[in-house]
2 protein chains.
Amino acid sequence: MIDFKELLKEHGIAPSIQRIKILEFLEKNRIHPTADMVYQALVQEIPTLSKTTVYNTLKAFTEKGVLVALSLFENEVRYEYNTEPHIHFKCIKCGKIYDISKAFECLNNKEIEGHKVLEHHVNLKGICKNCRD
Amino acid sequence: MIDFKELLKEHGIAPSIQRIKILEFLEKNRIHPTADMVYQALVQEIPTLSKTTVYNTLKAFTEKGVLVALSLFENEVRYEYNTEPHIHFKCIKCGKIYDISKAFECLNNKEIEGHKVLEHHVNLKGICKNCRD
DNA sequence: TATCTAACTTGTAATGGTTACAAATATGTA
DNA sequence: TACATATTTGTAACCATTACAAGTTAGATA
Ligand SMILES: [Mn+2]
Ligand SMILES: [Mn+2]
Ligand SMILES: [Zn+2]
Ligand SMILES: [Zn+2]
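Keep in mind that what you see is a predicted model, and the values were worked out from it rather than measured.

**Looking at the environment of B:K51**
Residues and elements named next belong to chain B.
Part 1 of the argument: Tracing the backbone through its elements, the reader meets K51 in helix α4 (residues 51–63).
Part 2 of the argument: We classify K51 as partly exposed; its relative accessible area is 33%.
Part 3 of the argument: Put simply, K51 and D36 are 15 residues apart on the chain and 7.3 Å apart in space, counted from C-alpha to C-alpha.
Part 4 of the argument: Leaving out residues up to four positions away in the same chain, K51 has contacts with D36 and Y39.
Part 5 of the argument: A distance of 2.8 Å separates a polar atom in the side chain of K51 from a polar atom in the side chain of D36.

**Focus on the side chain of B:T57**
Residues and elements named next belong to chain B.
Part 1 of the argument: Here T57 lies in helix α4.
Part 2 of the argument: Look at T57 and you get buried, because its relative accessible area is 5%.
Part 3 of the argument: Not counting chain neighbours up to four residues away, the residues in contact with T57 comprise R19 and I22.

**A few points about the pattern of salt bridges**
Residues and elements named next belong to chain B.
Part 1 of the argument: Summed over all chains, the structure comprises six salt bridges over all chains.
Part 2 of the argument: Between E45 and K21 there is a salt bridge whose closest N-O contact spans 2.8 Å. In this pair, E45 is assigned in the loop between α3 (35–42) and α4 and K21 in helix α2 (residues 17–28), connecting sequence segments 24 residues apart.
Part 3 of the argument: The partner of D36 in a salt bridge is K51, and the shortest N-O contact between them spans 2.8 Å. With a gap of 15 residues between them, D36 in helix α3 and K51 in helix α4 connect regions that are remote in the sequence.

Procedures and definitions
Residues numbered from 1 in each chain as written. Chains lettered and ligands numbered in written order. Predicted model: local features only at pLDDT ≥ 70, side-chain atom pairs only at ≥ 80, totals over all residues. Heavy atoms only, no water. Helix = DSSP H or I, 4+ residues; strand = E, 2+ residues; numbered from the N terminus. Buried < 20%, exposed > 50% of the residue type's maximum accessible area, 1.4 Å probe, protein only. Contact = heavy atoms within 4.5 Å. Polar contact = N/O pair within 3.5 Å; in protein donor to acceptor, adjacent residues only side chain to side chain. Salt bridge = Lys/Arg side-chain N within 4 Å of Asp/Glu carboxyl O.

Interpretation note: all reported values are geometric properties and have no functional meaning in isolation.
If you want it as structure tokens, here you go:
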């Protein structure tokens with residue numbers, strides 16, 4: 001059982017009830033949810049919850065390294081608890097997003113961990129040769 | 001000199017003035033522009049141009065395989081003429097997006113074609129093992 | 001050439017995810 | 001308790017994109 005209050009303190013985040021519940025939800029539900037999905041799930045427990053709080057909290061968690069923000073195939077931003085580098089696989093039929101733990105070499109495959117790969121999306125981010133130094 | 005009118009016909013797209021100009025712009029300006037960037041550039045030539053036409057045209061071109069739509073790091077969709085599979089590198093300082101023609105094995109590198117790589121974004125799309133057959 | 005029809009373009013309004021902002025509330029300390 | 005600060009809330013604004021209906025164009029036909 002993870003002590004989410006302590007975990008937030010360690011990251012320099014004051015552990016409010018809302019923040020603890022949001023982090024707990026992300027840890028227990030590895031579904032790469034959108035901010036709205038987090039809100040819809042938690043507003044039942046916390047009827048006074050504001051969507052703005054969810055957005056602000058997820059952004060703060062990301063900045064402090066507690067969560068990772070993903071830019072997947074659609075324009076919604078999704079969040080996940082797993083901060084280890086890994087590959088995402090999205091099913092075009094059911095919409096589920098699977099974590100792929102294999103190394104990047106797998107990109108040459110048309111099939112990976114039982115999934116049929118139709119599209120590869122590879123994006124890098126950094127500082128270009130013109131902007132270095 | 002590419003015959004854009006002919007190219008559109010070959011893809012089953014009626015070659016209107018707007019469509020030819022949009023395709024021509026994408027071929028000549030390899031800057032991975034947004035729909036709005038295309039609109040801003042062409043509305044000077046075609047003052048009556050509608051942004052809806054740009055959106056509709058880019059979507060049609062993508063569906064017919066004339067262009068490729070990208071989901072990069074931000075939520076804007078960008079489009080490009082190059083339909084060959086390749087990797088994108090975005091500079092976090094100047095915002096430019098570079099095409100990387102090297103194969104996917106490069107992902108193990110921290111530096112590629114002179115650019116300093118800080119983040120790798122790898123996303124796959126297809127049909128998951130539960131949805132096959 | 002004139003007419004017709006379907007396709008294409010345009011402009012405006014609506015949508016949906018996200019952010020800005022100010023007021024209300026809660027928290028921790030003196 | 002009283003105060004200062006941090007947090008939460010609700011509303012409005014933002015912006016890329018889409019829906020929709022009306023206007024325009026262009027190719028086919030007579
Ligand atoms: Mn993941
Ligand atoms: Mn490219
Ligand atoms: Zn740069
Ligand atoms: Zn599936």
